[in-house]
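Residue strings, one per chain:
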Amino acid sequence: QDYFTDENRVLKKDPQQDYHLEYAMENSTHTVLAFSRELHTCDTNDKSITESTVRVIWAYHHKDMGEAGQNYHGSNRGTKSLRLLNPEKEEVLSASLPYFDLTNKDVPVPDKDTTYWCQMFKIPVQHEKHHVTKVEPLIQKGHENLVHHILLYQCSSNLNDSVLDYGHECYHPNMPDSFLTCETVIFAWAIGGEGFTYPPHVGLSIGTAADPQFVLMEVHYDNPSYTEGLIDNSGLRLIYTPVLRKYDAGVIEAGLWVSLFHNIPPGMPEFVSEGHCTLECLEEALGAERPAGIHVFAVLLHAHLAGRAIRMRHFHNGEEQKLLAYDDEFDFNFQEFQYLKEERTILPGDNLITECHYSTVDRVRMTWGGLSTRNEMCLSYLLYYPRINLTRCASIPDIMEQLQFIGVKEIYRPVRQTWPFIIKSPKQYKNLSFMDAMNKFKWSRSEGVSYNELVLKLPVNVRCSKTDNAEWSIQGMTALPPEIERPYKTEPVICSSSSCLRCSLFLTLLFVIHVTASTIGNTGPFV
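Just so you know, these numbers come straight off a predicted model, no measurement behind them.

Colleague: Please provide a residue-by-residue account of the overall build of the protein chain, values included.
Modeller: Each helix and strand in the protein chain was counted, giving five helices and 36 strands. Taken against the 2.2 N^0.38 rule, which gives 24 Å for 527 residues, the C-alpha radius of gyration of the protein chain at 25 Å falls within 12% of a compact globule. The buried share among the 527 residues of the protein chain stands at 51%. The long-range share in the protein chain, meaning contacts at least 24 apart out of those at least 6 apart in sequence, stands at 79%. Here the protein chain has roughly 25800 Å² of accessible surface; of this, 52% comes from carbon and sulfur atoms. Within the protein chain, one finds 47 positive and 66 negative side-chain charges whose respective centroids are separated by 5 Å.

Structural data, given as structure tokens:
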């Protein structure tokens, strides 16, 4: 039956019954219930089911409900974030397909909240071209909450095997120089995600001169409790085949360049940041390499703890298209590639905007763009084909008007995109860094709203990168953000109820309870 709960957690029978039992089965170990429901029911007691993340809450008791009502479930409960309308594309892969593992070897995880650990690997030598068809995470048992994300970068082909000797903390002053040659993301996995299977006509190429020979695996460890003595051996498994697909896959990182130029005031129930993959960058890169356009087939949307919603907006010749990808119920602990229902073509003359919504109501200091999970990011990783020489299409907002907003009049020159630089006047900020001044400013909610309106209109510095640290000529240029409609207007929901006779949009769910024989005892039937 269709029930809902109130703020006191009391279950109430819904007068509009929108859940329909399709079949049920029970034996000595399992209870199975398969049921269906319209995606949009017009019922205020139901949540609409969209392509966003859905928090599924489950609970059960060993005994059926009695006349007195439901029995308290006790510890038989849990929750899981799922994308109900984005099931993994299962492809039948031969069990005999070769694979190789890229795993850390006994990495000592420091007792601090955030660690980025980098390890260089050499792709096993292939004497001819192969295609990787699937990538699976190999997370050490018990470390599911420790390993937050894994990125795989392509490195310079001019390295030698001496770089393979040891791993090192990423972004560290003593990090090996060879790590700096690794800028092209070729795969991304984040906590809660499953393995990724490439479409039947696309694969990640290995074995040719243009393909990765050395790769850097960056593992982000999240250890907020500062646990000591952790040793990790997590990584990735890459399954490959000599039977080539039609196209080579590529990855573009789009959004906001990770830096302190991206910042969010405290105490804000909503703050919007935008990262621009500009018309100028796409015009140059696609015009030179693929005038007929590239085809995006999956997107990973990425933010940190303050993230609440992310949208990937797509414009063609200034006209907005349907959203490329979105998650209006973003869960930091559940980030994976969304397969697009239909591949999307990106053409010269297009531009993309990664729009991130944040909440900082529980914070009293500024939130800064940065690597820690307590910092923020606003990124989209686009998986596409055919591969071109474009690895990053991002932007940085102009800093000077951000300074002027809080009343800064003069700074010690020069301003470089390195930190910190020091403020000269007015007196209340004298000799403070930009970060200290922004934290000293008395942020009210109205000031935060005004600041948000300002930063969305600021000129942006274009980031437009190739492989091997090369740049398209547009990199470093200043561009104005396009005139767009804000906020984004969501498509109207067409809802239907159980009385609808011609409804076709519905979801069938399978709910399975598994109880071991030792648990069953003489408790009677289950619900």
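Colleague: Run through the domain arrangement of the protein chain, naming residues and quoting values.
Modeller: Looking at the protein chain, the domain boundaries give domain 1 (3-82), domain 2 (97-248) and domain 3 (399-458). When each unit is reduced to the centre of its C-alpha atoms, the spacing between domain 2 and domain 3 is 38 Å.

Colleague: I'd like to hear about helix 1 (residues 279-289), residue by residue, with values.
Modeller: What helix 1 keeps buried is the set Cys 281, Leu 282, Ala 285 and Leu 286. Down the axis of helix 1, the buried side of the element spans an arc of 100°, and every buried residue falls inside it.

Colleague: Can you explain the state of the cysteines? Please cite residues and give values.
Modeller: Per the stated rule, a full pass over the model turns up five disulfides. What pairs with Cys 155 in a disulfide is Cys 182, and their sulfur atoms sit 2.0 Å apart. Judged by the sign of its S-S torsion, about 110°, the bond between Cys 155 and Cys 182 is right-handed. Taken as a pair, Cys 155 in the loop between strand 11 (147-154) and strand 12 (168-169) and Cys 182 in the loop between strand 12 and strand 13 (184-190) lie far apart in primary sequence, 27 residues in all. With a relative accessible area of 1%, Cys 155 lands in the buried category.

Colleague: Give a detailed account of the packing of aromatic side chains, specifying residues and quantitative values.
Modeller: Two numbers describe a pair of aromatic rings. These are the distance of the centres and the angle of the planes. Scanning the model with the defined rule gives 18 aromatic pairs in all. Centroid distance Phe 100 to Tyr 240: 5.7 Å. Interplanar angle 50°. Geometry classified as tilted. Pair noted here: Phe 100 is in strand 7 (residues 99-103) and Tyr 240 is in strand 18 (residues 235-241), with a separation of 140 residues, a long-range link. Arg 463 extends its terminal NZ or CZ atom over the ring of Trp 257, reaching a point 4.8 Å from the ring centre. A cation over a ring is seen here: Lys 466 above Trp 472, with NZ or CZ 4.2 Å from the ring centre.

Colleague: Could you give an account of the confidence of the model for the protein chain, naming the residues involved and the relevant values?
Modeller: Looking at the protein chain as a whole, the pLDDT averages 87, with 91% of positions reaching at least 70. Across the protein chain, strand 21 (residues 263-264) holds the top mean pLDDT of 98, while helix 5 (residues 517-520) sits lowest at 41. Per-residue pLDDT stays below 50 along residues 498-504; that stretch engages in six contacts with residues further than four places along the chain or on separate chains. Predicted confidence for residues 517-527 stays below pLDDT 50, and this span has 24 contacts to residues more than four positions away or in other chains.

Colleague: Tell me about unusual backbone geometry, and name the residues and values.
Modeller: Cis geometry is adopted by the peptide bond preceding Pro 386, which originates at Tyr 385 and carries an omega value of -15°. By secondary structure assignment, the location of Pro 386 is in the loop between strand 30 (379-385) and strand 31 (392-397).

Colleague: Quick rundown of a nonpolar patch on the surface? Include the residues and the values.
Modeller: A grouping of Tyr 3, Leu 11 and Met 65 is seen on the molecular surface, where their side chains present a nonpolar patch of about 270 Å² in accessible area. Mapped onto the secondary structure, Tyr 3 falls in strand 1 (residues 3-5). For Tyr 3, a relative accessible area of 32% translates into the label partly exposed.

Colleague: Which residues make up the sheet that holds strand 35 (residues 478-479), and what are the values?
Modeller: Strand order across the open sheet formed by seven strands is 27-23-30-20-31-34-35, with mixed pairing between neighbours. On the outer flanks of this sheet lie strand 27 (338-346) and strand 35, each paired with one strand and no other. Sheet analysis places strand 23 (residues 294-302) next to strand 27, joined by five bridges and oriented antiparallel. In the sheet register, Ile 294 faces strand 27, and the bridge partner there is Ile 346.

Colleague: Requested: an account of the UniProt feature "domain: DOMON" (unreviewed entry) in the protein chain, with residues and values cited.
Modeller: As recorded in UniProt, the sites labelled "domain: DOMON" (unreviewed entry) are residues 1-61. Spanning residues 1-61, this segment combines 0% helix with 46% strand, and its end C-alpha atoms are found 16 Å apart.

Colleague: Give a description of the pattern of salt bridges that names residues and reports values.
Modeller: Per the stated rule, a full pass over the model turns up 19 salt bridges. Arg 392 serves as the salt-bridge partner of Glu 253, at 2.9 Å between the closest nitrogen and oxygen. Of this pair, Glu 253 sits in strand 20 (residues 250-256) while Arg 392 sits in strand 31, and the two are 139 residues apart along the sequence. The burial state of Glu 253 is the same as that of Arg 392; both residues are buried. Arg 486 serves as the salt-bridge partner of Glu 274, at 2.9 Å between the closest nitrogen and oxygen. Of the two residues, Glu 274 sits in strand 22 (residues 271-277) while Arg 486 sits in the loop between strand 35 and strand 36 (506-514), which places them 212 residues apart along the sequence. The partly exposed category is assigned to Arg 486, whose relative accessible area is 33%. Overlapping salt bridges, with partners in common, bring together Arg 311, Arg 313, Glu 320, Asp 328 and Glu 355 in one network.

Colleague: Explain helix 4 (residues 445-455) to me, using residue names and the numbers behind them.
Modeller: Taken together, the buried positions of helix 4 are Gly 448, Tyr 451, Asn 452, Leu 454 and Val 455. Along the axis of helix 4, the buried residues cluster in a sector spanning 160°; they form a single face.

Colleague: Outline the side chain of Ser 234, listing residues and values.
Modeller: Relative to the elements of secondary structure, Ser 234 occurs in the loop between strand 17 (230-232) and strand 18. Here the side chain of Ser 234 touches Gln 140 through a polar contact of 2.9 Å, landing on its backbone nitrogen. If we ignore the near neighbours within four places in the chain, the residues touching Ser 234 are Leu 102, Thr 103, Asn 104, Leu 138, Ile 139, Gln 140, Val 147 and Met 217.

Colleague: Before we move on, could you go through the pairing of strand 10 (residues 130-138) and cite the residues and values that matter?
Modeller: Pairing geometry for strand 10 and strand 15 (residues 202-206), over three bridges, is antiparallel. Note on strand 15: the bridge partner recorded for Val 132 is Leu 204. Inspection of the sheet shows strand 10 paired to strand 18 by seven bridges, in the antiparallel sense. What sits directly across from Val 135, in strand 18, is Leu 238. The pairing of strand 10 with strand 14 (residues 196-197) spans two bridges and is classified as antiparallel. Paired with Lys 134 across the two strands is Thr 197, which belongs to strand 14.

What counts as what
Residues numbered from 1 in each chain as written. Predicted model: local features only at pLDDT ≥ 70, side-chain atom pairs only at ≥ 80, totals over all residues. Heavy atoms only, no water. Helix = DSSP H or I, 4+ residues; strand = E, 2+ residues; numbered from the N terminus. Rg over C-alpha atoms; globule rule 2.2 N^0.38 Å. Buried < 20%, exposed > 50% of the residue type's maximum accessible area, 1.4 Å probe, protein only. Contact = heavy atoms within 4.5 Å. Areas by Shrake-Rupley, 256 points an atom, 1.4 Å probe, with all protein chains shown as cover. Lys, Arg positive; Asp, Glu negative; His and termini not counted. Charge placed at Lys NZ, Arg CZ, Asp CG, Glu CD. Domains from an automatic or database assignment. Arc of directions from axis to C-beta. Disulfide = S-S within 2.5 Å. Phe/Tyr/Trp six-rings, centres within 6.5 Å; stacked < 30°, edge-to-face > 60°. Lys NZ or Arg CZ within 6 Å of the ring centre and 35° of its normal. pLDDT = per-residue confidence, 0-100. Patch = residues over 30% accessible without salt bridge, like charges linked within 9 Å, V, L, I, M, F, W, Y side chains within 5 Å. Salt bridge = Lys/Arg side-chain N within 4 Å of Asp/Glu carboxyl O. Pairing = 2+ DSSP bridges. UniProt positions renumbered as here; feature names shortened; annotations may be inferred. Polar contact = N/O pair within 3.5 Å; in protein donor to acceptor, adjacent residues only side chain to side chain.

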